[in-house]
Amino acid sequence: MQTLASQRGIAGPGAFQPSVRRPFQPQAPQVHVVSAPRATMCRCARPFEDPVAHLDRSMDAPATPLHHGNSNAYDTGAMDQLDHGLQNYYSNKRDHALSLDSIDSQLSFGPGAKINGLPGHSSHSTSPSQAGPASSGGPDPKYKTVMLKVSGEALQGKQGFGIDPEVLQAVASEVARAVQHGVSMAIVVGGGNYFRGAEAVKGIKGLERTTADYVGMLATVMNALCLQSALEGLGVETRVQTAIEMREVAEPYIRRRAISHLKAGRVVIFGAGTGNPFFTTDTAAALRAAEMNAEVFLKATKVDGVYDCDPVKYPHKARRYDRLSYRQVSMDSLSVMDETAITLCKENNIPVIVFNIMEQGNILKAALGEPVGTVVCEYADAEAPDAGASTGAQAAMHWLLLRKVAAQPAVQAGGWAQQRVRG
């Protein structure tokens, strides 16, 4: 009779003998240098490619073992190459510290890609530090980074309300032309074509000024989105950033991201003003100009400059200024923009150019430094409308100043004489 152990194929009493542990014998690992497929490599330029691919960029190279046969002798040359490749890889990663935005920029400027869909760009790859708007090969612009303020009234055209499609298309074409010449464009759009908070408070009973200003901020976002669509229809990459978060339709305002977009050649449109009530879009534009390190503030309006009086009401009397100083704007109470915006431009030494956006080519002319509209800057030799003569307000100020200076020595002398007599 067979035992249970024999039925299971286990021989007799020796079936449960413990296994004998064998001594560990280390074996050389099978390390291969292979070519990584292009689909799995880093999508950036060559300094950031995979270290293994750095050693062997040939797609058809066979795998090469780092040791030969059963010997423990490793190929020191291949190991040195691998170590060198790893050091270069992590050194480049550390030095450049790529972010998502810069990787996106690398992809946008890769071989064979077009920048903003505009002609005249070389197909060579560009690093984030060198990336910028395409240049058409014309004259270099005087101002590389520009803040453009487009009023809502200018966008409404002859309709009187909303957006005139012809005006919107014309503005987008002018901006695209400036970008094509290598100008980095940041834009702030007003909302007066839809809603004005300061005026609505007077007409709507119970409406607070803060609420009215927030409604006006939403109006600026509407204009910003429309302008973005018009620019992208012309092949210009555009981003909209809002001071009030609306993540479904626009990016939140982040200064460093906005600067990254500008360096990548994209147009950035800022909506919702400063995000705070009681501040105009002119102030928002001056603030963003300082934050973006803009070299000039272009204020696009329906008139061709700054006048000493309303040119619509007094067409024969009004005279246009060619040049003004910040101080003269404040002293003469000229309606260039509000005091806060002028102060921001003055403190950051940002010249302001007021011009008519309806005239073709004015944006590019202003960026190139050609005479357009009225220039407001820090220069003391700003000219008045009548070729150097002072206005009435300035003449009165000069006369009072002269009287004060002339009277001061007499008063001092009289006081000194009285003190001598009393002594």
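The structure displayed is predicted, hence computed values, not measured ones. (Residues numbered from 1 in each chain as written. Predicted model: local features only at pLDDT ≥ 70, side-chain atom pairs only at ≥ 80, totals over all residues. Heavy atoms only, no water.)

**Q** Requested: an account of the environment of serine 229, with residues and values cited.
**A** Counting through the fold element by element, serine 229 comes out in helix H8 (residues 209-233). With 57 residues separating them along the chain, serine 229 and alanine 172 place their C-alpha atoms 9.2 Å apart. (Helix = DSSP H or I, 4+ residues; strand = E, 2+ residues; numbered from the N terminus.)

**Q** I'd like to hear about the pairing of strand E3 (residues 145-150), residue by residue, with values.
**A** Among the six residues of E3, six are classified as buried, and the element is accordingly described as predominantly covered. Inspection of the sheet shows E3 paired to strand E4 (residues 184-189) by six bridges, in the parallel sense. Counted as the bridge partner of threonine 145 is serine 184 from E4. Inspection of the sheet shows E3 paired to strand E8 (residues 296-301) by five bridges, in the parallel sense. Within E8, the position partnered with methionine 147 by the bridge is phenylalanine 297. (Buried < 20%, exposed > 50% of the residue type's maximum accessible area, 1.4 Å probe, protein only. Pairing = 2+ DSSP bridges.)

**Q** Now, about helix H10 (residues 281-291): what can you tell me, with residues and values included?
**A** All of the buried residues in H10 are Asp282, Thr283, Ala284, Ala285, Ala286, Arg288 and Ala289. On its buried face, H10 sits against E3, E4, strand E7 (267-271), E8 and helix H12 (339-347). Once H10 finishes, asparagine 293 follows within two positions and takes phi at roughly 60°, a positive value. (Contact = heavy atoms within 4.5 Å.)

**Q** Can you lay out the side chain of asparagine 223 for me, pointing to particular residues and giving the numbers?
**A** In this fold, asparagine 223 is placed in helix H8. For asparagine 223, a relative accessible area of 0% translates into the label buried. Within the structure, the side chain of asparagine 223 is placed 2.7 Å from the backbone oxygen of glycine 190, a separation counted as a polar contact. Sequence-distant contacts of asparagine 223, that is, excluding residues within four places in its chain, are made with Gly152, Leu155, Ile163, Val189, Gly190, Gly191, Asn193 and Tyr194. (Polar contact = N/O pair within 3.5 Å; in protein donor to acceptor, adjacent residues only side chain to side chain.)

**Q** Please set out the environment of glycine 373 residue by residue, giving values where relevant.
**A** Residue position: glycine 373 is located in the loop between helix H13 (362-368) and strand E13 (374-377). With 50 residues separating them in the primary sequence, glycine 373 and arginine 323 have C-alpha atoms 8.8 Å apart. Look past the residues within four positions of glycine 373 in its chain and what remains in contact with it is Asp304, Gly305, Arg320, Tyr321, Asp322, Val354 and Phe355.

**Q** Tell me what's going on with the layout of surface pockets, and back it up with residues and numbers.
**A** In this structure, the largest pocket spans a volume of roughly 1200 Å³. As for the largest pocket, its lining consists of 45 residues, of which Ser151, Glu153, Arg196, Asp282 and Lys299 are closest to the centre. For the lining of the largest pocket, the element with the highest residue contribution is H8, accounting for six residues. Among the residues forming the lining of the largest pocket, the class breakdown is 17 nonpolar, 16 polar and 12 charged. (1 Å grid on protein atoms, 1.4 Å probe; cavity = no way out; pocket = protein on both sides within 12 Å on 5 of 7 lines; lining within 4 Å. Points joined across faces, edges and corners; volume = space filled by probe spheres on them. Nonpolar A, V, L, I, M, F, W, Y, C, P; charged D, E, K, R; others polar.)

**Q** Which residues make up the packing of H10 against H12, and what values do they have?
**A** Packing of H10 against H12 brings their axes to within 8 Å, and their N-to-C directions diverge by 15°. It follows from the interaxial angle that H10 and H12 lie roughly parallel. Crossing of H10 over H12 shows left-handed handedness. The segment H10 lies against H12, with Asp282, Thr283, Ala286 and Leu287 engaging Thr340, Ala341, Leu344 and Cys345. (Axes fitted to C-alpha atoms, helices over the stretch in contact; angles between N-to-C directions. Parallel < 35°, antiparallel > 145°, perpendicular 65-115°, else oblique. Left-handed = near helix turned anticlockwise from the far one by under 90°.)

Keep in mind these values describe shape, not function.
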